[in-house]
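The residues making up each chain are set out below.
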Amino acid sequence: MTTLNTRASAGDPYYQDVPDYMTEVYDWAYVNPRKARMLDHKLVVRTLLFGNDQRLMRAYLDEIRPGERVWQVAHVYGDLVQRAAARVGADGRFTLTDVTPIQVELAAGKLAGVPQAEVVRADAARFQADQRPDLVCSFFLLHEVPEGMKSAIVDNMLGQVAPGGRAMFVDYHRPRSWQPIGWLLKWVNRALEPFAEALWNKEIAAYAREAERFDWRKRTVFGGVYQIVVAQRRD
C-alpha cells in the first residue's frame, strides 16, 4: 500500500521492518500507533471475543506454573501480559515478543518494573530463546498470519520447547453448524481477517513438521468458535 511504504521509507519508526502483511492487512489494529493505543483495553478484547475473554485467558494462565520460563509469542490487548508475568512469579521468567514497534512499546509499558519479565522485538517464526521455555503460548496469533507463516511459527514454537514442556495455542476454530456466530465471523473474515478461516479447515497439529514428537490435546468452547490446544513434548 503506497501510504504505508512511504511512511516506512520516510523513517517512521513505527513502520520500519514491519512485515508487509501487517501493514497491508492489520495497520488499523496493530501497526498504526494512534489506533493501537485506542484499542488496547480489556473491553475491546471482551467485545472481540464475545465475552469469552476471561475463560480463554484463564485456560492460558492455568497452564502456567510458578517458576517456569514462559514465552508468549505476541502482545495481547488488555492486561493479559501482566497477569501472565505475575503467574510465573519471581523465580520464573516471562518473555514477550512482538514484531511491531507499537506493540513492543505497549507491552514494555505494562511490564515496566516487573523484574521477571522482558519484552523483545522479534518475529515469532525466528525468535530464539536464550533458555528453552517450559511453556510457549500463541494467544490468537495464528489466525492473523498467512498460511506459510502459520507453519513457520508453529515449528519455531515447538522447536523451542524444553523437554517435557508445552506449546499452547488459543485461537479460532470452525463453529458448530448451530452456532450463529459462525455466520458473523464469515463476514468478518471476508472483510478484515483474510487468514483466519484456514483454522476452520486445518488442525493446528497439521502445521507442525514433527507433530509426532508431541502429545496433543484439544478442546473447543463457545460452540466450537474457539480452540485451546496444548502440545506436550514427549522427550
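Values in this document were obtained by computation on a predicted structure and should not be read as measured data.

Thresholds, definitions, all that
- Residues numbered from 1 in each chain as written.
- Predicted model: local features only at pLDDT ≥ 70, side-chain atom pairs only at ≥ 80, totals over all residues.
- Heavy atoms only, no water.
- Helix = DSSP H or I, 4+ residues; strand = E, 2+ residues; numbered from the N terminus.
- Rg over C-alpha atoms; globule rule 2.2 N^0.38 Å.
- Buried < 20%, exposed > 50% of the residue type's maximum accessible area, 1.4 Å probe, protein only.
- Areas by Shrake-Rupley, 256 points an atom, 1.4 Å probe, with all protein chains shown as cover.
- Lys, Arg positive; Asp, Glu negative; His and termini not counted.
- Charge placed at Lys NZ, Arg CZ, Asp CG, Glu CD.
- Core = buried A, V, L, I, M, F, W, Y, C linked by side-chain atoms within 4.5 Å.
- Contact = heavy atoms within 4.5 Å.
- Arc of directions from axis to C-beta.
- Pairing = 2+ DSSP bridges.
- Axes fitted to C-alpha atoms, helices over the stretch in contact; angles between N-to-C directions.

## Remarks on the overall build of the chain
Across its full length, the chain carries 11 helices and seven strands. A compact globule built from 235 residues would reach a C-alpha radius of gyration of about 18 Å, and the chain, at 17 Å, matches this within 12%. Projecting the C-alpha coordinates of the chain onto the three principal axes gives extents of approximately 50 × 45 × 35 Å. The burial tally for the chain puts 55% of its 235 residues in the buried class. A total of about 10,900 Å² of accessible surface is found on the chain, and carbon and sulfur atoms cover 53% of it. The averaged location of the 29 negative side-chain charges in the chain is 5 Å from the averaged location of its 31 positive side-chain charges.

## Concerning the nonpolar core
Counting residues in hydrophobic clusters, the biggest one holds 75 residues, and the most contacted among them are Leu56, Tyr60, Phe94, Phe139, Ile153 and Met168. Look past the residues within four positions of Leu56 in its chain and what remains in contact with it is Leu49, Phe139, Phe140, Val170, Val221, Tyr226 and Ile228.

## Brief notes about the side chain of Glu63
Inspection of the secondary structure puts Glu63 in helix α6 (residues 53-63). Contact partners of Glu63, with chain neighbours within four places excluded, come to Glu68, Leu135, Arg166, Met168, Arg217 and Val230.

## Quick notes on helix α7 (residues 80-88)
All of the buried residues along α7 are Leu80, Val81, Ala84, Ala85 and Val88. The buried residues of α7 occupy an angular sector of 130 degrees when the element is viewed end-on, so they sit on one face. Contact partners of the buried residues in α7: α6, β1 (69-72), β2 (93-98), α8 (101-111), β3 (117-121) and β4 (135-139). Positioned one or two residues after α7, Gly89 has a phi angle of 80 degrees, which is positive.

## Quick notes on the sheet that holds strand β7 (residues 226-233)
Pairing within the open sheet is mixed, and its seven strands lie in the order β3-β2-β1-β4-β5-β7-β6. Each end of this open sheet is capped by a strand with a single partner; those strands are β3 and β6 (214-221). Going across the sheet, the axis of each strand differs from the next one's by a mean of 15 degrees, ignoring polarity. Pairing of β1 with β2, which is carried by four bridges, proceeds in the parallel orientation. For Gln72, the partnering residue across the bridge sits in β2 and is Leu96. The sheet strands contacting α6 are β1, β2, β4, β5 (166-172), β6 and β7, and the helix crosses β4 at an angle near 170 degrees.

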